[in-house]
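What the coordinates show
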Amino acid sequence: MAGELLTKAYVGGRWVAGRGGTFPVYDPATGEEIAKVADCTVDDVKEAIESASGAFEVWRKTTAKERAAVLTRVRDQLIKEKDNMATILTRENGKPLTEAKGEVGFAASFFEWFGEEARRQYGEAIPSSVPSKRMITIRQPVGVAALITPWNFPIGMVGRKVAAALAAGCTCVLKPAEDTPLTALAFAKVCESAGVPAGVVNVVPCSRARVQEVGAALTESPKIQVLSFTGSTAVGQWLYSRCGQTLKKLSLELGGDAPFIVFPSANMDKAVGGAMASKFRNTGQTCVTANRIFVHESIHDEFVKRFSEAMSKELRIGQGLEAGVNQGPLINKRQYDRLVKMVDESVAAGAKVVRGGKSPGGLYYAPTLLIDVTPSMPIARQEIFGPVAAILKFKTEEEVIRMANATDMGLAGYFYSNDLSQIWRVTEALQVGMVGVNEPMVSTCEAPFGGVKRSGLGKEGSKYGLDEYTDLKYICFGI
Ligand code: ADP
């Protein structure tokens, strides 16, 4: 399938035109239209739900070993198609090709992991306090899963959700982000080639104009038992409230506002390298990125100098398909305008630009370093989602923990310290779901990914990721 762009929806094992016509997908690096993709309506989504519901009756009865074999084939097919998938991903998302390839591998890792975990969905025998009873539990798939994914990891988030759902014995209706549906459709082809039975995975893209009615159809349907969403907090809250009517299980991975703290005992090389990796991966468009970088006053100037040098040496803007590029464009005009406003308002409020602070044209934004940032500035109060590092100074551990936790979000948090007692104190005090201690990259298939506070509910990946898609059934035997 090299080079082929699939633009139709994938429903019940068939490639179908959307009833709403098509919508355009653009290359954010050039602004060119790449393709016109099926715009699915509520009726298309209902058809997808029906087909997932029918397929569930068969898929739920497969053995874990059979499902593991299918997941392994999807993994193999993803790896085989890695270069092609990564090229599609870079074209519609803008991220550098090496990152896109890494992301396809990341998605594949979930099929391997959940294929293995499928066979370990153990129940328990519970010791009875009554001689006449015996008690056990088993795990069963919840049913049809609605999966809604974002544009910043067009295959990573798809893989993480679909692999867990299928391993548990669920079938799914996937609605990919309107900016990046082509990668998700290429993934549907991967599933088809890997022999995933018809109806088990359905992919229904739709335009931004239709997303609310499609979201309403997915949340209202009594045939959907679980909804897993990765995206903005506002949309997550809307979905959460709507799922109350049918009491669906919910897994929500929402916004982040990660603190990244550098204490005086930190290894400066590691702290600078960690901040660079966390901040500039995917051009800053990740929910776990270092959103607020707090640096102790005693090492602030040295850190800023080294970080600024690293930015100048390591970052190269350009089209993702060009070799050596590691900073792509922002995804769309909406995100671009948001970022420009945030930086301009923060600078007007007193933040100082050390480097960057402007656009070299199109949807590109120069990697930017801001210092003298204070907690009340827009750049420190919102998710930046762009290549802008905002540095705040602190004096004491108590003060920085207070500032780090002064947010509604709680996804990831990072800090650099070599003081063992401090490491435990700060780890426990940070109000986040994931902590990186002297380490900026925490996400992997084996570990639980998820936040607290308004960053979401539930865990993805790891052995806990299957819980979102299974019900625990208790069985009591009278003997
Ligand atoms: P962003 O603002 O970064 O695009 P969103 O939360 O709007 O983040 O988008 C994440 C995903 O949620 C995308 O697939 C998008 O189409 C989808 N989405 C947005 N609004 C709704 C909605 N009302 N119902 C269902 N899905 C939605």
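In short, a report on the structure. Since we're looking at a predicted model, the values are computed, not measured.

**Brief notes about the layout of surface pockets**
What the largest pocket holds in volume is close to 1100 Å³. Taken together, 45 residues line the largest pocket, and the ones lying closest to its centre are G231, S232, T233, A234 and V235. Within the residue set of the lining of the largest pocket, elements represented by two or more residues are α7 (211-220), β10 (224-230), α8 (233-242), β13 (290-296), α11 (333-348) and α12 (378-381). Here the lining of the largest pocket takes five residues from α8, the largest share from any one element. Looking at the lining of the largest pocket residue by residue, the classes come out as 20 nonpolar, 13 polar and 12 charged.

**Thoughts on the site of the ligand**
Neighbouring residues of the ligand: 20 residues in total, closest T149, K175, E178, R208 and S232. Here E178 contributes a side-chain N or O atom positioned 2.5 Å from an oxygen atom of the ligand. V211 is positioned such that a nitrogen or oxygen atom in its backbone is 3.5 Å from a nitrogen atom of the ligand. Compared with its free state, where it exposes 550 Å², the ligand has 92% of that area covered by protein. The pocket occupied by the ligand, as judged from atoms lying within 2 Å of grid points, is the largest pocket.

**Here's the deal with the environment of I299**
On the secondary structure map, I299 appears in the loop between β13 and α10 (300-314). C-alpha of I299 to C-alpha of E383: the two residues are 84 residues apart in sequence and 25 Å apart in space. When sequence neighbours within four positions are dropped, the list of residues in contact with I299 reads V262, F263, P264 and M268.

**Remarks on the nonpolar core**
Counting residues in each nonpolar core, the largest one holds 61 residues, and the members touching the most others are L78, F187 and V201. Of the residues forming this core, the biggest block, 10 residues, is contributed by helix α4 (residues 97-118). Excluding anything up to four places from it in sequence, F187 contacts V74, L78, M85, F111, I155, V158, V162 and V201. Judged by nonpolar contacts, the second largest core, of 32 residues, contains V272, M276, I299 and F303.

**Here we look at α10**
A rise of 1.5 Å per residue sets the reference length of α10, with its 15 residues, at 21 Å; its end C-alpha atoms lie 21 Å apart and thus fit the reference within 8%. By the burial criterion, the buried members of α10 are H300, F303, V304, F307, S308, A310 and M311. Projection of α10 onto a plane perpendicular to its axis shows the buried side chains occupying an angular sector of 160°, all on one side. Exposed residues lying more than 90 degrees from the buried face of α10 are D301 and K313.

**Some thoughts on the packing of helix α2 (residues 64-80) against helix α6 (residues 181-193)**
Two elements in contact, α2 and α6, have axes whose closest approach is 9 Å; the angle formed by their N-to-C orientations is 125°. Accordingly, the angle class assigned to the pair α2 and α6 is oblique. Between α2 and α6 lies a crossing whose hand is right-handed. Touching V74, Q77 and L78 of α2 are F187, V190 and S193, all from α6. Of the residues contributing to the contact of α2 with α6, the split by class is four nonpolar, two polar and no charged.

**Observations concerning the sheet that holds strand β5 (residues 124-126)**
Picture the strands of a sheet paired through backbone hydrogen bonds; they go either parallel or antiparallel. Sheet architecture is open: three strands sit in the order β5-β6-β20, paired in antiparallel fashion. Looking at which strands have only one partner, the edges of the open sheet turn out to be β5 and β20 (470-478). Taking the axes of each pair of neighbouring strands and ignoring which way they run, one obtains an average angle of 25° across the sheet. One ladder, built from nine bridges, connects strand β6 (residues 133-141) with β20; its direction is antiparallel. Within β20, the position partnered with M135 by the bridge is C476.

**Looking at unusual backbone geometry**
One non-glycine residue, N282, lies in the positive phi region at around 55°. Residue position: N282 is located in the loop between α9 (268-280) and β13.

Conventions adopted
Residues numbered from 1 in each chain as written. Predicted model: local features only at pLDDT ≥ 70, side-chain atom pairs only at ≥ 80, totals over all residues. Heavy atoms only, no water. 1 Å grid on protein atoms, 1.4 Å probe; cavity = no way out; pocket = protein on both sides within 12 Å on 5 of 7 lines; lining within 4 Å. Points joined across faces, edges and corners; volume = space filled by probe spheres on them. Helix = DSSP H or I, 4+ residues; strand = E, 2+ residues; numbered from the N terminus. Nonpolar A, V, L, I, M, F, W, Y, C, P; charged D, E, K, R; others polar. Near = heavy atom within 4 Å. Polar contact = N/O pair within 3.5 Å; in protein donor to acceptor, adjacent residues only side chain to side chain. Areas by Shrake-Rupley, 256 points an atom, 1.4 Å probe, with all protein chains shown as cover. Sits in = over half its atoms within 2 Å of the grid points. Contact = heavy atoms within 4.5 Å. Core = buried A, V, L, I, M, F, W, Y, C linked by side-chain atoms within 4.5 Å. Buried < 20%, exposed > 50% of the residue type's maximum accessible area, 1.4 Å probe, protein only. Expected span 1.5 Å × (residues − 1). Arc of directions from axis to C-beta. Axes fitted to C-alpha atoms, helices over the stretch in contact; angles between N-to-C directions. Parallel < 35°, antiparallel > 145°, perpendicular 65-115°, else oblique. Left-handed = near helix turned anticlockwise from the far one by under 90°. Pairing = 2+ DSSP bridges.

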